[in-house]
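The residues making up each chain are set out below.
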Amino acid sequence: MKIPSSIWTLLIGIVLTLASFWYGQNHGLLPAAATDEAVLVDGLFNTMMVVSTGIFLLVEGILIYSAFKYRRRAGDNEDGPPVEGNVPLEILWTAIPAIIVFGISVYSFDVYNEIGGFDPHAIHEAPMNQQSMKMPGHGTALAATLRDTPGSSEPNLNQEKSDQAMQDPATAEVRNADQIPQLRNAPGVGSVAPTIGGSPEKAGKPAELRVNITGLQYAWIFTYPETGITTGEMHVPIGREVQINMTANDVIHAFWVPEFRLKQDAIPGRQSEIRFTPKKAGDYTLICAELCGPYHGAMRAPVVVETEEAFDKWMQEQLVASKEMLNQAVAVNPADLSPNDFLAPYTKDMGIQPEILHQVHH
């Protein structure tokens, strides 16, 4: 019994559809989804994989079938039939890709909006100034030593005042971006870069946790403004929306954690934002995804997603360590010397003039 070609076409179409859907959902090309936003991005990626797999199998199947079916037989020396075209077929293979591209575009925009990426007014709402990247807290031992003096322009820091707000020295250059020669007259300096903010249901609401990040060749510095903790690794708790405020000290860097499915540029002289909600505990790696120099490949930092209890414990440990560091810094300068006097023995050996040291401090 000869099966009609229409039945064969239907059966082949069903097999291709099932194979495309199976592979599109089981390709295993992506790492574990560690944030709520990653689920949305994975849905878009899987949809594109389904469509791509179907088109690939269809096109390659037709090519293989045609190469076998219409191959030249032995003894056949005649020319092929003069086929000039097929208008319905040409319309079909033009309309179907157009519909697919339009559908994926609409789906992509919906995902981008759901993760908080579409906010045309964000660039005008929060202009960056010298206070925008201020990070209160304890800071580093050297910063505490420099500021724990009568001649410093910052408030005095001692054991009793160690919890007062102070600026993070790692971002001082960025906060004063208008003083950087190569950025002083650059367009856009002092503005907010396009951001990935809160999702539509969380728009206008503050995030549950804020982390300020500074990228510089070739490291990432994390500061928690609520506590003033400054560290070289980022810890975030499961289930709490995290807002990342980032900038760069020198060149363009890019915040990218593959498991988060989000990427955002860190731009000198600008403040960009990215929000996400962690959902899967684990140790991940923050990778700079923007070529930033010869050691770009080594610009990585650990990111730890943990339970709320583990996060609180880590925060307490960092606070204790920060206070101990501050106490050590204060003890280094028992005579309450000014920054110039305190560093004079070291700067003299290195040939640094007092005027330069004064400019660096201020």
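We now turn to the structure provided with this report. (Residues numbered from 1 in each chain as written. Predicted model: local features only at pLDDT ≥ 70, side-chain atom pairs only at ≥ 80, totals over all residues. Heavy atoms only, no water.)

### Section: the overall build of the chain
Then, number 1: Scanning the chain from N- to C-terminus turns up 9 helices and 10 strands.
Then, number 2: Here the chain holds 362 residues, and 36% of them are scored as buried.
Then, number 3: Taking the contacts inside the chain whose residues are at least 6 apart along the sequence as the reference set, 71% of them involve residues at least 24 apart.
Then, number 4: Working note: accessible area of the chain is about 21,100 Å², and carbon and sulfur atoms make up 61% of it. (Helix = DSSP H or I, 4+ residues; strand = E, 2+ residues; numbered from the N terminus. Buried < 20%, exposed > 50% of the residue type's maximum accessible area, 1.4 Å probe, protein only. Contact = heavy atoms within 4.5 Å. Areas by Shrake-Rupley, 256 points an atom, 1.4 Å probe, with all protein chains shown as cover.)

### Looking at the pairing of strand β7 (residues 262-266)
Then, number 1: Side chains Leu262, Gln264 and Ala266 of β7 all project onto a buried face; the interleaved residues Lys263 and Asp265 project onto a face where none is buried.
Then, number 2: With 5 bridges joining them, strand β6 (residues 253-257) and β7 adopt antiparallel strand pairing. Bridged to Val257 within β7 is Leu262.
Then, number 3: Between β6 and the antiparallel strand that follows it, β7, lie 4 residues; Arg261 among them carries a positive phi value of about 65°. (Pairing = 2+ DSSP bridges.)

### A short note on the sheet that holds strand β2 (residues 219-224)
Backbone-to-backbone hydrogen bonds join strands into a sheet, with any given pair of strands oriented parallel or antiparallel.
Then, number 1: The strand order β3-β2-β1-β5-β8 describes an open sheet built from 5 strands, whose pairing is mixed. Both edges of this open sheet fall to β3 (229-231) and β8 (272-276), since each of them pairs with a single strand only. On average, adjacent strands in this sheet sit at an angle of 20° to one another, irrespective of strand direction.
Then, number 2: In terms of strand pairing, strand β1 (residues 209-216) meets β2 through 5 bridges, oriented antiparallel. (Axes fitted to C-alpha atoms, helices over the stretch in contact; angles between N-to-C directions.)

### Thoughts on the packing of helix α2 (residues 36-69) against helix α3 (residues 87-114)
Each pair of packed helices gets described by two things: the angle between the helix axes and the distance between those axes.
Then, number 1: Remark: α2 packs on α3, axes separated minimally by 9 Å, with the N-to-C direction vectors making an angle of 165°. Taken together, the axes of α2 and α3 are roughly antiparallel relative to one another. Considering the relative orientation of α2 and α3, their crossing is left-handed. Here α2 contributes Leu40, Val41, Gly43, Leu44, Thr47, Met48, Val51 and Ile55 to the contact with α3, which in turn contributes Ile100, Ile104, Tyr107, Ser108, Val111 and Glu114.
Then, number 2: Residues that form the contact of α2 with α3 fall into these classes: 10 nonpolar, 3 polar and 1 charged. (Parallel < 35°, antiparallel > 145°, perpendicular 65-115°, else oblique. Left-handed = near helix turned anticlockwise from the far one by under 90°. Nonpolar A, V, L, I, M, F, W, Y, C, P; charged D, E, K, R; others polar.)

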